[in-house]
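Residues per chain are reported as follows:
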Amino acid sequence: MSTLVTNIGELSTMDPARGRESVLRDAAVVFEGERIAWIGSAGQAPAADAAFDAGGRAMLPGWVDSHTHLVFAGDRSAEFEARMAGEPYAAGGIAVTTEATRAAGDYDLTRLLLGRQAEAAAGGTTWLETKTGYGLDVEQEARSARIASTVVDDVTFLGAHLVPAGSDPEEYTDLVCGPMLTAVRPYVQWADVFCERGAFTEDQSRRVLTACREAGLGLRVHGNQLGPGAGVQLAVEFAAASVDHVNYLSADDVDALAGSWAGWDAAAGEGTPGTVATCLPACDLSTRQPLAPGRRLLDAGVEIALASNCNPGTSYTSSMNFCVATAVLQMGLSVPEAVRAATYGGALALRRHAGEDRDGARAVGSLAVGHRADLHLLNAPSAAHLAYRPGMPLTAAVWRAGTRVVR
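Peer 1: Quick one: what's the story with the pattern of salt bridges, residue by residue and with numbers?
Peer 2: Applying the stated criterion across every chain yields a total of 20 salt bridges. Close ionic contact of Arg 83 with Glu 79 constitutes a salt bridge, the shortest N to O distance being 3.3 Å. Taken together, the positions of Arg 83 and Glu 79, both in helix H1 (residues 77-84) and four residues apart, correspond to about one turn of that helix. When its relative accessible area of 4% is taken as the criterion, Arg 83 is described as buried. It is possible to trace a salt-bridge network through shared partners that takes in Arg 76, Glu 79 and Arg 83.

Peer 1: Would you mind going over the packing of aromatic side chains in detail, with residue names and values included?
Peer 2: Applying the stated rule across the entire model yields six aromatic pairs. Considering the side-chain rings of Phe 52 and Trp 399, the 5.1 Å spacing of their centres and the 80 degrees angle between planes classify their relative orientation as edge-to-face. Here Phe 52 is found in strand S4 (residues 50-53), whereas its partner Trp 399 is found in strand S17 (residues 395-400), with 347 residues between them in sequence. Like Trp 399, Phe 52 is buried. Measuring from ring centre to ring centre gives 6.3 Å for Tyr 172 and Phe 200, while their planes differ by 40 degrees; the resulting arrangement is tilted. Of the two residues, Tyr 172 is situated in helix H5 (residues 169-184) and Phe 200 in the loop between strand S9 (190-195) and helix H6 (202-214); the sequence distance between them amounts to 28 residues. Neither residue differs from the other here; Tyr 172 and Phe 200 are each classed as buried. Looking at Arg 116, its charged tip hangs above the ring of Phe 72, at a distance of 3.5 Å from the centre. The lysine or arginine in question, Arg 220, covers the ring of Trp 190, its NZ or CZ lying 4.4 Å from the ring centre.

Peer 1: Break down the side chain of Asn 309 for me, with residues and values.
Peer 2: Considering the arrangement of structural elements, one finds Asn 309 in the loop between strand S15 (304-306) and helix H11 (320-330). The exposure class assigned to Asn 309 is buried, which follows from its relative accessible area of 2%. For Asn 309, the side chain forms a polar contact with the side chain of His 69, separated by 3.2 Å. Those residues in contact with Asn 309, other than ones at most four positions away along the chain, are Asp 65, His 67, Thr 68, His 69, His 245, Leu 280, Cys 283, Thr 314 and Ser 315.

Peer 1: Mind laying out the pairing of S17, listing which residues take part and the relevant values?
Peer 2: Of all the six residues making up S17, five are buried; the element is thus mostly covered by neighbouring parts of the structure. Alignment of strand S16 (residues 375-378) against S17, held across four bridges, turns out to be antiparallel. Residue pairing in the sheet places Leu 377 in a bridge with Ala 397 of S17. What sits between S17 and strand S18 (residues 403-406) in their antiparallel hairpin is a turn of two residues, with Ala 401 showing a positive phi close to 50 degrees.

Peer 1: So what's going on with the nonpolar core? Which residues, and what values?
Peer 2: Across soluble globular proteins, nonpolar side chains show a tendency to be buried alongside one another. In terms of nonpolar packing, the biggest core is built from 88 residues, with Phe 157, Val 246, Leu 297, Leu 306 and Val 339 touching the most fellow members. In contact with Phe 157, not counting residues within four places along its chain, are Thr 132, Glu 141, Val 176, Met 180, Leu 181, Val 184, Val 188, Trp 190, Ala 191, Asp 192 and Cys 212. Counting residues in each nonpolar core, the second largest holds 19 residues, with Phe 31, Ile 36, Ala 396 and Trp 399 among its members.

About the cut-offs
- Residues numbered from 1 in each chain as written.
- Predicted model: local features only at pLDDT ≥ 70, side-chain atom pairs only at ≥ 80, totals over all residues.
- Heavy atoms only, no water.
- Salt bridge = Lys/Arg side-chain N within 4 Å of Asp/Glu carboxyl O.
- Helix = DSSP H or I, 4+ residues; strand = E, 2+ residues; numbered from the N terminus.
- Buried < 20%, exposed > 50% of the residue type's maximum accessible area, 1.4 Å probe, protein only.
- Phe/Tyr/Trp six-rings, centres within 6.5 Å; stacked < 30°, edge-to-face > 60°.
- Lys NZ or Arg CZ within 6 Å of the ring centre and 35° of its normal.
- Polar contact = N/O pair within 3.5 Å; in protein donor to acceptor, adjacent residues only side chain to side chain.
- Contact = heavy atoms within 4.5 Å.
- Pairing = 2+ DSSP bridges.
- Core = buried A, V, L, I, M, F, W, Y, C linked by side-chain atoms within 4.5 Å.

All quantities given are derived from atomic positions and should not be read as evidence of function.
Below, the structure written as structure tokens:
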């Protein structure tokens with residue numbers, strides 16, 4: 001069945017192949033099944049089996065949230081209140097969530113995850129990554145990975161999130177690289193490591209990345225969140241798809257990230273992608289860290305993504321609208337740059353940006369013929385309203401793979 005969405009006042013395709021014409025006025029989209037079949041002027045739209053009148057409102061690709069931690073139980077609001085009262089953030093709070101998550105049954109964890117996925121979809125998110133990392137033993141990490149694989153689109157193994165209390169760091173790293181990796185491997189596409197003080201050292205992180213690469217997983221890195229560190233350099237060295245947080249960057253870090261994009265034609269969206277710098281502004285506000293230098297990274301030629309980092313301790317929100325507004329109002333990005341980072345940038349960070357990807361799914365994060373029909377209609381005449389009216393519920397309708405999931 002084909003559906004025509006017509007009378008779109010502003011259509012932000014985020015398709016690099018369109019160049020300066022990536023924003024269309026008085027536009028229309030036809031999708032058939034899960035794929036986009038046609039894009040162009042509303043006056044030239046072909047017939048379809050069904051029609052939807054967008055009423056002159058703005059449309060953009062569904063958000064691609066490339067960094068979340070959604071498989072958890074429990075509450076850390078007391079920790080948040082203490083942080084707002086002046087206590088510094090430290091990675092050790094993860095242990096509180098680990099205890100609650102281990103205590104929850106499969107049914108409850110699945111129910112909680114489905115609820116969070118629905119909240120994200122209600123805000124326009126149509127492609128969702130999430131991580132393990134609140135189990136921190138072989139059985140619990142495998143359980144988290146299995147549950148996540150039934151709900152979200154991309155699953156990342158983050159056994160290297162924190163060394164559990166009472167464990168020897170070297171022995172735990174061996175566990176992550178061996179039995180734990182083997183147990184989660186059937187359920188995950190990616191591996192990540194928290195390379196940060198209070199978490200994993202550079203040497204331990206290198207061991208994790210090496211083992212996971214040899215197991216055939218794509219790589220990601222939590223890096224440079226709480227201070228300068230080795231995360232960015234390791235991510236580039238291992239050709240990781242992304243390095244996330246990036247709050248504290250040296251000139252060498254920025255140069256390394258920029259250099260990773262030497263084989264990429266940004267104008268055409270073709271070539272070999274480098275390491276995406278994923279900025280997590282909601283987390284930065286909650287932890288009172290300096291906002292990631294998105295403007296500096298873009299000016300250096302680095303592709304960036306925006307993601308929610310939804311988790312119970314430092315960023316308990318899945319609102320990509322909020323992240324886009326913050327990037328515009330406080331990080332120095334223009335509205336088109338922020339929207340691109342939250343759609344096409346997230347797809348780049350997950351290598352879901354073009355063509356037929358590794359498991360046959362259609363490209364996401366941009367609107368083009370053949371791409372997945374992930375559409376986000378705003379209750380506003382332009383995408384500028386995301387930052388112009390911050391915090392307002394602007395999502396009017398959402399289609400995910402051609403199926404309307406928000407009305």
